[in-house]
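Analysis of the macromolecular model
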Amino acid sequence: MEPREGFFDEMYGLAGNVRAPYRAYGNWFADEQPRRLLAKTAEAERVFRRTGITFNVYGDDEAEERLIPFDIVPRILGASEWATIERGVQQRVRALNAFLHDVYHRREIFKAGRIPVGLVADNAAFLPVMLGQSPPGGVYTHIVGVDIIRSDEGRFMVLEDNCRTPSGVSYMLENRETMMQMFPELFAGRRIRPVGDYPQNLRTSLEASAPPAADGPAVLAVLTPGIHNAAYFEHAFLADQMGAELVEARDLEIVDGRVAMRTTEGPLRIDVLYRRVDDDYLDPLVFRPDSVLGVPGIMDVYRVGGITIANAPGGGIADDKAIYSYVPEIIEFYTGEKPILDNVPTWRCSEPESLGYVLEHLSELVVKEVHGSGGYGMLVGPAASKRELREFRKKLQTRPANYIAQPTVALSTVPVLTRAGLAPRHVDLRPFALVAPGRVQVSPGGLTRVAMKKNSLVVNSSQGGGTKDTWVVDD
Amino acid sequence: MRLSITHTTKYRFDEPVPYGLLELRLCPRSGPTQDVEWWDTQILAGQRQVRFTDHHRNVVELVRVEPGATETIVIATGDVVTTDTAGVIGPDQGANPPWLYERSTKLTAPGPNVRRLARSADRDVADLDVLHGLSAAVRDAIDYVPGITEVDTPADAVLEAASGVCQDHAHVFVAAARVLGFPARYVSGYLFVEGGQEEASHAWAEVSVEGLGWVGFDIANQISPDRRYVCLAVGLDYREAAPISGVRRGAGGETLEVDVSVTEQGSAQQ
């Protein structure tokens, strides 16, 4: 395979020689018939269709349910590479939890002048109702997905934190399952760190954050907006895998000061609710009054320690894109350590000097809305038309504080299998961290998203991205 | 002044209600302007679920309507001894940052009408005079006409309609005060009116003024709250300070009957 000029290929490096973590796989691949492997790709697709992993693309009514493409070439990380990511994610997640506690209590970091308080004061992700409120066990972000990219020098950098309801972990699990089914020989006699214990770890981790009112073994439930949600499959999958109830708002009531699920045998109290419903919709008595996806009264029950809500409401202030650029300061402030993983360099358009630079270099930069997600409302300068650039320039000038800008980072590539053989495609990595009181556990690997289109740098599944199985192997 | 208050709220449902909740902010708390001698909230056909003090230091109670009820009644009653402090409540006892009260909400979002009104305020005078001027401007801009606005009419739309009730006056004033950079909040409570003909439920506003702390402004009546006022709850807007809000499942309509009586007790010693 010819690596893409100027990009770091994780299998072939910059020089074209197979890198150490890929050596065993490379040998296996060299002996394989391309035709058999292509047939396997088709087989994988059939498996996914059968298990029902599909994805609703936002803003596309025509293609309501679609399969996320799966590529059979694994993304492989060596143990020492992984150790850096793992420690970096743990450090980051600890710091973000400390930050959230500070934001909703003493606000020392603002008093110390490390972050402008206006970023929080005017931020919709900041929830006043959480002021003075300590979540059970002190955990704000029970599940965090940290989006990591790898630069042209092979250095890992954090692109984004996801502290609200990160999705994608079901793909991590299903991808591994599928690979093991299709290529058992790859797993025989080779130490690839398992990820299959994630649901059990999630369960243990949530149980460890049970509320003071829990009495006996904690009862867990997953709150889903329902079958029309893009990630409904994942909600059902995780509930099933960790032995939790799958509930919608209409299944829940307030009974004796607790949140309880209606069952034919009477109400079943819920101790920990893993909610996949956004803050805004969580409780119509407190947030959006028109929400039918939320549980009225749940915030009141939460206030008195009657339930654990995972992730805690108001955690979005920690993964806000305006806050993102301050995460290195956040890490140093709360841990006293230097960040193990760097941020991608970021211009805050709220600062006049940065705005000037961004406007001047718009066609080279990626501009993001500070509150957006999923690749919406964003400008990829090098790929944008003159008109798009013009329109975005206007937006930036009208509401500069609404945007940040980053260089178009030369995302690393990993080969995918095409009809013409291996071809480099750009990837990112979303490792999943589980937070329990006093412990942050990172599932080895995570979800690798891959831009299936040649030369594309957008890996979001909503924009046609696919996924790969992600391995952590011994050095 | 010793005020005796009875606040009765009656919900009548056309069909038995399978599931319903009421959230109450119906328990005044003692402070520099009021001393709550006793207070009691009775609930008929409903059970208390939780009770806590929220971040504005309001006492909040969550009540579940008795399943199958066709009527639920909440009766809050008690005696409050009030003091006239010329509207000055003083610094906050809670731990909230002052900027919390500069945040706008959906009901107090500063649209073009609110901004225009705020801009019209004379700013070359002392803070208190700026606010009194603003209060007068709000009162002038909105005629007291019940039935035009709803509880969820945002401040900007109130100005558009140019009419509303005390709640709307308070929302517009709070929104405009924030535009001018003052932390401001909405207050729900009671107003004693001699003769007792007028509505005794009332809403006004408080603004944090440098050197004084919170100062009350009754925009509807163009005065600062005195001994006739009892504060029930505060918040960024009506939703956070509403004495009762509710949600329910089930078909059929409902009728709401509210009766508030505030009387002066003869033995008042001031």
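**Concerning the overall build of chain A**
When helices and strands are tallied, chain A shows 15 helices and 21 strands. What you see for chain A is a C-alpha radius of gyration of 22 Å, in line with the 23 Å of a compact globule of 475 residues. Each principal axis of the C-alpha atoms in chain A carries an extent, and together these give about 65 × 60 × 45 Å. In chain A, buried positions account for 46% of the 475 residues.

**What about the interface of chain A and chain B?**
Quoted interface sizes are often the accessible area lost when the parts come together. Taken together, the 19 residues of chain A in the interface contact 19 residues of chain B. The set of elements that each furnish at least two residues to the side of chain A that touches chain B consists of β6 (252–255) and α11 (298–303) of chain A. Here the residues of the side of chain A that touches chain B are counted per class, giving 11 nonpolar, four polar and four charged.

**Some remarks on the domain arrangement of chain A**
Residue and element names in this part refer to chain A. Here chain A is partitioned into domain 1 (20–211 + 307–342 + 409–473) and domain 2 (345–407). Relative to domain 2, the C-alpha centre of domain 1 lies at a distance of 25 Å. Across the contact, 13 residues belong to domain 1 and 11 residues belong to domain 2. Here the side of domain 1 that touches domain 2 is built from residues that sort into seven nonpolar, four polar and two charged.

**Digging into the environment of A:Ser291**
Residue and element names in this part refer to chain A. Relative to the helices and strands, Ser291 is located in the loop between α10 (279–282) and α11. In this structure Ser291 comes out as buried when scored by C-beta crowding, with 20 C-beta atoms within 10 Å. When the C-alpha atoms of Ser291 and Asp271 are compared, they prove to be 23 Å apart, with 20 residues separating the residues in sequence.

**Considerations on the sheet that holds strand β8 (residues 268–269) of chain A**
With antiparallel pairing, the three strands of this open sheet are ordered in space as β6-β7-β8 (chain A). Both edges of this open sheet fall to β6 and β8 of chain A, since each of them pairs with a single strand only.

**Concerning the confidence of the model for chain A**
Chain-level statistics for chain A give a pLDDT mean of 92 and a share of 96% at 70 or above. A low-confidence stretch, residues 56–64 of chain A (pLDDT under 50), is modelled with nine contacts involving residues beyond four sequence positions or located in other chains.

**Things to note about the environment of B:Ala137**
All names here are of chain B. Within the secondary structure layout, Ala137 lies in helix α2 (residues 127–141). Residues Ala137 and Cys231, spaced 94 residues apart in sequence, show a C-alpha to C-alpha distance of 24 Å. Residues contacting Ala137, with those up to four places away along its chain left out, are Leu117, Ser120 and Ala121.

**Concerning the domain arrangement of chain B**
Residue and element names in this part refer to chain B. As assigned here, chain B comprises domain 1 (2–82 + 244–264) and domain 2 (88–241). For domain 1 and domain 2, the distance between their C-alpha centres works out to 23 Å. Elements with a minimum of two residues in the side of domain 1 that touches domain 2: β1 (2–17), β6 (69–82) and β15 (254–264). In terms of residue count, β15 provides more of the side of domain 1 that touches domain 2 than any other element does, six residues in total. For the side of domain 1 that touches domain 2, the residue count by class is nine nonpolar, nine polar and three charged.

**Concerning the confidence of the model for chain B**
Confidence in the prediction of chain B, expressed as mean pLDDT, is 94, and 97% of residues score 70 or more. Both scores are given for the predicted complex: the pTM is 0.94, the ipTM 0.95.

**A few points about the packing of helix α3 (residues 79–103) of chain A against helix α13 (residues 327–335) of chain A**
All names here are of chain A. For the pair α3 and α13, interaxial distance at closest approach is 9 Å and the crossing angle is 80°. One finds that α3 runs roughly perpendicular with respect to α13. Of α13, the residues touching α3 (which contributes Gln91, Arg92, Arg94, Ala95, Leu96, Ala98 and Phe99) are Val327, Ile330, Ile331, Tyr334 and Thr335.

**Some words on the nonpolar core**
A general feature of soluble globular proteins is that nonpolar side chains tend to end up buried together. Membership of the largest hydrophobic core comes to 198 residues, with the highest contact counts inside it found for B:Phe173, B:Ala176 and B:Ala205. The greatest single-element share of this core, amounting to 10 residues, is contributed by α3(A). Residues contacting B:Phe173, with those up to four places away along its chain left out, are B:Leu134, B:Ser135, B:Val138, B:Ala205, B:Phe217 and B:Ile219.

**A look at helix α4 (residues 166–179) of chain B**
Residues and elements named next belong to chain B. Between the first and last C-alpha of α4 there are 20 Å, a value that for 14 residues agrees with the 20 Å anticipated at 1.5 Å per step. Burial analysis of α4 places 14 of its 14 residues in the buried class, which makes it a mostly covered element. In the stretch just after α4, Gly181 is the one whose phi turns positive, near 95°.

**Re the pairing of strand β1 (residues 70–78) of chain A**
Residue and element names in this part refer to chain A. Within β1, seven of the nine residues are buried, which leaves it mostly tucked inside the rest of the structure. Where β1 and strand β21 (residues 465–473) come together, six bridges link them in parallel fashion. Among the inter-strand pairings, Ile76 is bridged to a residue of β21, identified as Trp471.

**Observations regarding the environment of A:Phe48**
All names here are of chain A. Of note, Phe48 is situated in helix α2 (residues 34–51). By C-beta crowding, Phe48 is classed as partly exposed, having 19 other C-beta atoms within 10 Å. Distance from Phe48 to Asn175, taken between C-alpha atoms, is 9.1 Å for residues 127 residues apart in sequence.

**Some remarks on the sheet that holds strand β13 (residues 229–235) of chain B**
Residue and element names in this part refer to chain B. If you trace the five strands from one edge of the open sheet to the other, you get β7-β12-β11-β10-β13, paired in antiparallel fashion. In this open sheet, the two strands that pair with only one neighbour each are β7 (88–90) and β13. Across this sheet, the average inter-strand angle for adjacent strands is 35°, counted without regard to direction. In the sheet, strand β10 (residues 184–191) pairs with β13 via six bridges, with the strands oriented antiparallel. The partner of Val187 across the bridge, within β13, is Val234.

Calculation notes
Residues numbered from 1 in each chain as written. Chains lettered and ligands numbered in written order. Predicted model: local features only at pLDDT ≥ 70, side-chain atom pairs only at ≥ 80, totals over all residues. Helix = DSSP H or I, 4+ residues; strand = E, 2+ residues; numbered from the N terminus. Rg over C-alpha atoms; globule rule 2.2 N^0.38 Å. Buried ≥ 20, exposed ≤ 12 C-beta atoms within 10 Å, placed from the backbone. Contact = placed C-beta atoms within 7 Å. Nonpolar A, V, L, I, M, F, W, Y, C, P; charged D, E, K, R; others polar. Domains from an automatic or database assignment. Pairing = 2+ DSSP bridges. pLDDT = per-residue confidence, 0-100. Axes fitted to C-alpha atoms, helices over the stretch in contact; angles between N-to-C directions. Parallel < 35°, antiparallel > 145°, perpendicular 65-115°, else oblique. Core = buried A, V, L, I, M, F, W, Y, C linked by C-beta atoms within 7 Å. Expected span 1.5 Å × (residues − 1).

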